[in-house]
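These are the residues of each chain, in order.
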Amino acid sequence: MPRITYTTFDGTRHTVDVPVGTTLMEAATNHSVPGIDGDCGGQCACATCHVYIDEPWSALTGERSEAEEDMLNFAEDFRPTSRLGCQVRVTEAMDGLEVALPEGQH
């Protein structure tokens with residue numbers, strides 16, 4: 001089972017085991033990771049699961065869809081590495097993935 005580490009803006013790390021096929025948002029909410037709310041339930045209709053995914057991991061998480069791009073336009077602290085956690089499904093290849101949370105999400 002892949003292990004994913006979520007790092008809050010203050011540097012606190014939360015490492016969780018995530019079943020393949022689970023989204024980053026689902027994994028975070030299932031493990032009570034602070035800063036990932038998933039208010040829309042994973043429907044790409046809010047930005048409360050905004051995360052940053054840096055290289056080389058971004059190649060494994062796929063491209064942002066047009067809907068995800070539109071929603072990220074409303075997110076605070078948008079960066080080129082921004083993703084919505086609800087749109088990234090975990091694969092075996094993502095074992096060790098580290099994602100960071102924006103300052104506005106605590």
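The preceding data block contains the structure.
Residues numbered from 1 in each chain as written. Predicted model: local features only at pLDDT ≥ 70, side-chain atom pairs only at ≥ 80, totals over all residues. Heavy atoms only, no water.

Our focus in this paragraph is the packing of aromatic side chains. Applying the stated criterion across every chain yields a total of 0 aromatic pairs. The ring centre of Tyr52 lies 4.0 Å from the NZ or CZ of Arg79, which sits over that ring. (Phe/Tyr/Trp six-rings, centres within 6.5 Å; stacked < 30°, edge-to-face > 60°. Lys NZ or Arg CZ within 6 Å of the ring centre and 35° of its normal.)

Here the focus is the pairing of strand E1 (residues 3–7). For E1, the buried fraction is high: 4 of the 5 residues fall into the buried class. Bridge count for E1 against strand E2 (residues 13–17) is 5 bridges, and the pairing is antiparallel. Bridge pairing links Tyr6 to His14 in E2. The antiparallel pairing of E1 with E2 creates a hairpin that spans 5 residues between the two strands, and Gly11 there sits at a positive phi of about 95°. In this sheet, strand E5 (residues 98–100) lies alongside E1 in parallel orientation, the contact comprising 3 bridges. (Buried < 20%, exposed > 50% of the residue type's maximum accessible area, 1.4 Å probe, protein only. Helix = DSSP H or I, 4+ residues; strand = E, 2+ residues; numbered from the N terminus. Pairing = 2+ DSSP bridges.)

So, about the environment of Thr12. Within the fold, Thr12 resides in the loop between E1 and E2. Once the C-alpha coordinates of Thr12 and Arg89 are considered, the two residues, 77 residues apart in sequence, prove to be 23 Å apart. Contact partners of Thr12, with chain neighbours within four places excluded, come to Tyr6 and Thr7. There is a polar contact of 2.8 Å between the side chain of Thr12 and the side chain of Asp10. (Contact = heavy atoms within 4.5 Å. Polar contact = N/O pair within 3.5 Å; in protein donor to acceptor, adjacent residues only side chain to side chain.)

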